[in-house]
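Residue-level structure breakdown
As a plain string of letters, each chain reads:
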Amino acid sequence: MDDNFQKMAVLIDADNTQLAKLEAILHEVSTYGRIVVKKAYGNWKKDILKNWEPELKRLAIKAEQQFDYVTGKNVTDIAMVIGAMDLLFMDKYDAFVLVSSDSDFTPLAIRLRESGLYIIGAGESKTPESFKNACDDFILIELIQSKDDKKIDDEMDRDNRDKTSQDNTSKE
């Protein structure tokens, strides 16, 4: 891709994103250009999101709190859409990154793209085709290595080299 975006907004659906891959996702997205907005949406009071705070602080991502008014409703999704539309109407950004595996963001991706913005999606392979196709590019997060993944790979490589070295030594 030849585009180098100057003002990208990254919006993260914490309910549908792997925390362990968050830094790797941001690193991959940064290859497209300069990230100027990083926001994660969720109900940070939920047990499932309790481990996000240290990572959000470390990665300088603004946490957007959205309480659940009623159980089972997608109020976090609505808050992220409102946030995206607020940013769109500022007319400052040339690309949006929607980090989610949720097809509910398909209409948002379509709307942002109709406004002439470049849309990058990032999610798991289970992400519905409709959302993937509404984006100009889609990043499969399973294909991105996190630091932990790299450590495991490095350890396996080292173990394999050690084993090969031992095998070669014993053959002599």
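Structure: above.
We now turn to the structure provided with this report. (Residues numbered from 1 in each chain as written. Predicted model: local features only at pLDDT ≥ 70, side-chain atom pairs only at ≥ 80, totals over all residues. Heavy atoms only, no water.)

**What about the pattern of salt bridges?**
Where side chains of opposite charge bring their charged atoms close, a pairing between them can arise. In plain terms, the rule: Within this document, salt bridges are pairs made up of a side-chain nitrogen of Lys or Arg and a carboxyl oxygen of Asp or Glu, the two lying within 4 Å of each other. The way it works is that DSSP assigns letters per residue, a run of H or I at least four long becomes a helix, a run of E at least two long becomes a strand, and they are numbered from the N terminus. A simple rule labels every residue: compare its accessible area, found with a 1.4 Å probe on the protein chains alone, to the largest value its type can have, and call it buried under 20%, exposed over 50%, or partly exposed in between.
The final tally for this structure, using the stated rule, is nine salt bridges. Note that Lys57 is salt-bridged to Glu53, the shortest N-O span being 2.8 Å. Placement of both Lys57 and Glu53 in helix H2 (residues 52-58) is noted, with a separation of four residues, approximately one turn of the helix. Relative accessible area serves as the criterion here: at 61%, Lys57 is assigned to the exposed category. Look at Glu53 and you get partly exposed, because its relative accessible area is 47%. In this structure, Lys62 and Glu64 form a salt bridge, with 3.6 Å as the shortest nitrogen-oxygen distance. Of the residues examined, Lys62 reaches a relative accessible area of 48% and is grouped as partly exposed. Beyond isolated ion pairs, a larger network of salt bridges with shared partners links Glu23, Glu55 and Arg58.

**Looking at the side chain of Ser100**
Short version of the rule: Any pair of N or O atoms that falls within 3.5 Å is considered a polar contact. Within protein, one atom must be able to donate a hydrogen and the other to accept it, and sequence-neighbouring residues count only if both atoms are side-chain atoms. A contact between two residues is defined here by any heavy atoms of the two lying within 4.5 Å.
Mapped onto the elements of the fold, Ser100 is located in the loop between strand S4 (95-99) and helix H4 (106-114). Overall, the relative accessible area of 0% leaves Ser100 in the buried class. Separated by 2.9 Å, the side chains of Ser100 and Asp13 make a polar contact. In terms of polar contacts, Ser100 uses its side chain to reach the backbone amide nitrogen of Asp102, at 3.0 Å. Look past the residues within four positions of Ser100 in its chain and what remains in contact with it is Asp13, Asn16, Thr17, Phe105, Ala122, Gly123, Thr127, Phe131 and Phe138.

**Here we look at helix H1 (residues 22-30)**
Within the sequence span of H1, burial applies to Leu22, Ala24, Ile25, Leu26 and Val29. Its buried side turned inward, H1 meets strand S1 (5-13), strand S2 (33-42), H2, S4, strand S5 (118-123) and strand S6 (137-140).

**Some points on the packing of aromatic side chains**
Test applied: Centres within 6.5 Å make a pair out of two Phe, Tyr or Trp rings, where for Trp the six-membered ring is used; the pair is then stacked when the planes are under 30 degrees apart, edge-to-face when over 60, and tilted otherwise.
Overall, the coordinates contain four aromatic pairs when judged by the stated rule. With a centroid separation of 5.9 Å and an interplanar angle of 45°, the aromatic rings of Trp44 and Trp52 are classed as tilted. Take Trp44: its relative accessible area is 19%, and that puts it in the buried class.

**Overview of the sheet that holds S4**
The line we're drawing: Paired strands, in this sense, are two strands between which DSSP finds at least two bridges. Convention adopted: a line fitted to C-alpha atoms gives each axis, helices being fitted over their contacting stretch, and angles between N-to-C directions are expressed from 0 to 180 degrees.
An order of S3-S2-S1-S4-S5-S6 is seen for the six strands of this open sheet, with the pairing classed as parallel. What marks the edges here is a single partner per strand, and that holds for strand S3 (62-65) and S6. The sheet shows a mean angle of 20° between the axes of neighbouring strands, taken without regard to direction. Of the pairings in the sheet, the one linking S1 to S4 comprises five bridges and is parallel in character. Along S4, the bridge assignment pairs Ala9 with Phe96. Strands in contact with H1 are S1, S2, S4, S5 and S6; relative to S2, the strand with the most contacts, it is inclined by about 150°. Contacts between helix H3 (residues 75-90) and the sheet are confined to S1, S2 and S4, with S1 contributing the most and set at about 165° to the helix.

Taken by themselves, the reported measurements are silent on function.
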